[in-house]
Amino acid sequence: MEGTAHREAERPPERAAGADGTVAFGSVPTRIGRVFVAVTEYGVAATGFRDGPDARERVARRLGVPVVDDPDRTAQARAELAAYFAGELRRFTVPLDWRLASALRRRVLGTLYETVPYGEVVTYGELSRRSGGDIPARAIGSIMGGNPIPIIVPCHRVVAGDGLGGFSGGDGVESKRALLTLEGYLPPTLFEPATLLLD
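Residues numbered from 1 in each chain as written. Predicted model: local features only at pLDDT ≥ 70, side-chain atom pairs only at ≥ 80, totals over all residues. Heavy atoms only, no water.

Asker: What should I look at first to understand the overall build of the protein chain in this one?
Answerer: The helix and strand tally for the protein chain stands at seven helices and eight strands. Counting across all 199 residues of the protein chain, residues that qualify as buried make up 46%. Sequence-distant contacts, at least 24 apart, represent 64% of the contacts inside the protein chain between residues at least 6 apart. (Helix = DSSP H or I, 4+ residues; strand = E, 2+ residues; numbered from the N terminus. Buried < 20%, exposed > 50% of the residue type's maximum accessible area, 1.4 Å probe, protein only. Contact = heavy atoms within 4.5 Å.)

What follows is the structure in structure tokens.
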């Protein structure tokens, strides 16, 4: 029971939200590109590996809310992402807004966040069992591919039984490998991909 209490203590604040309010965007330069974050009044609703007008427009359209310029609202998420990529942060505490995830996706993604900490991985099958056992492992992969809040909700920590498995964010499996290397699960490779740090 102590482990369960520990996981609950590490769970970030989460707030349900309707399709109302506004969204503010911010971004952080990282080793895998400029990562963006979309934050509503309730918390982080989306993150992405490639910032740009088109990416922001797609998220805003899915949320169905106006975009506002509010750096203060995105400050905590940007600071935590920067600290994560600098190797200084292992647990995100920024509030989350789950409105882009269905109830099923939220159950699986919430289980992932609560039970798979920094530097560890879980297989698709094991995550299915932890999520109630009623979801096929193949469907777990689809849910990971539709994760609206990657990095913070760490779909990169879900792997196949015989390898890394797939990944739909950034540069695909190479981005997954880079994140797992950052967390120390994988050893650094001899030839690292070119670092993408933007001004």
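Text resumes after the structure shown.
Asker: So what exactly am I meant to see when it comes to the nonpolar core here?
Answerer: Generally speaking, nonpolar side chains in soluble globular proteins are found buried as a group. By size, the foremost hydrophobic cluster in this structure holds 41 residues, and its most contacted members are Val44, Tyr84, Leu112, Met144, Ile151 and Ile152. For this core, the leading source of residues is helix H3 (residues 71-85), giving five residues. When neighbours within four sequence positions are excluded, isoleucine 152 is seen to be in contact with Val44, Thr47, Leu81, Phe92, Val94, Leu96 and Tyr113. Of all hydrophobic cores here, the second largest spans twelve residues; its members include Val23, Ala38, Ala45 and Val65. (Core = buried A, V, L, I, M, F, W, Y, C linked by side-chain atoms within 4.5 Å.)

Asker: What's the story with the pairing of strand S4 (residues 44-48) in this structure? I'm lost.
Answerer: Looking along a regular strand, one sees side chains alternate from face to face of the sheet. Of all five residues in S4, five are buried, a share of seventy percent or more. Pairing of strand S3 (residues 33-40) with S4 involves four bridges; the strand directions are antiparallel. Along S4, the bridge assignment pairs phenylalanine 36 with glycine 48. (Pairing = 2+ DSSP bridges.)

Asker: How do you make sense of the confidence of the model for the protein chain when you look at a structure like this?
Answerer: When pLDDT is averaged across the protein chain, the result is 88; 85% of the residues are at 70 or more. Contacts of residues 193-199 to residues separated by more than four positions or lying in other chains number 14 contacts, the stretch itself having pLDDT below 50. (pLDDT = per-residue confidence, 0-100.)

Asker: I'm lost on the pattern of salt bridges in this one. Help?
Answerer: Close approach of charged atoms allows side chains of opposite charge to pair. One pass over the structure, following the stated rule, counts eleven salt bridges. Notably, a salt bridge pairs arginine 130 with glutamate 126, separated by 3.0 Å at the nearest N-O pair. In this pair, arginine 130 and glutamate 126 both sit in helix H5 (residues 124-130), four residues apart, roughly one turn of the helix. On the accessibility criterion, arginine 130 (37% relative accessible area) is partly exposed. For glutamate 126, a relative accessible area of 25% corresponds to the partly exposed category. (Salt bridge = Lys/Arg side-chain N within 4 Å of Asp/Glu carboxyl O.)

Asker: Help me understand the environment of valine 94 in this model?
Answerer: One can find valine 94 in the loop between H3 and strand S6 (96-97). In this structure, the C-alpha to C-alpha distance between valine 94 and alanine 75, residues 19 residues apart in sequence, is 9.9 Å.

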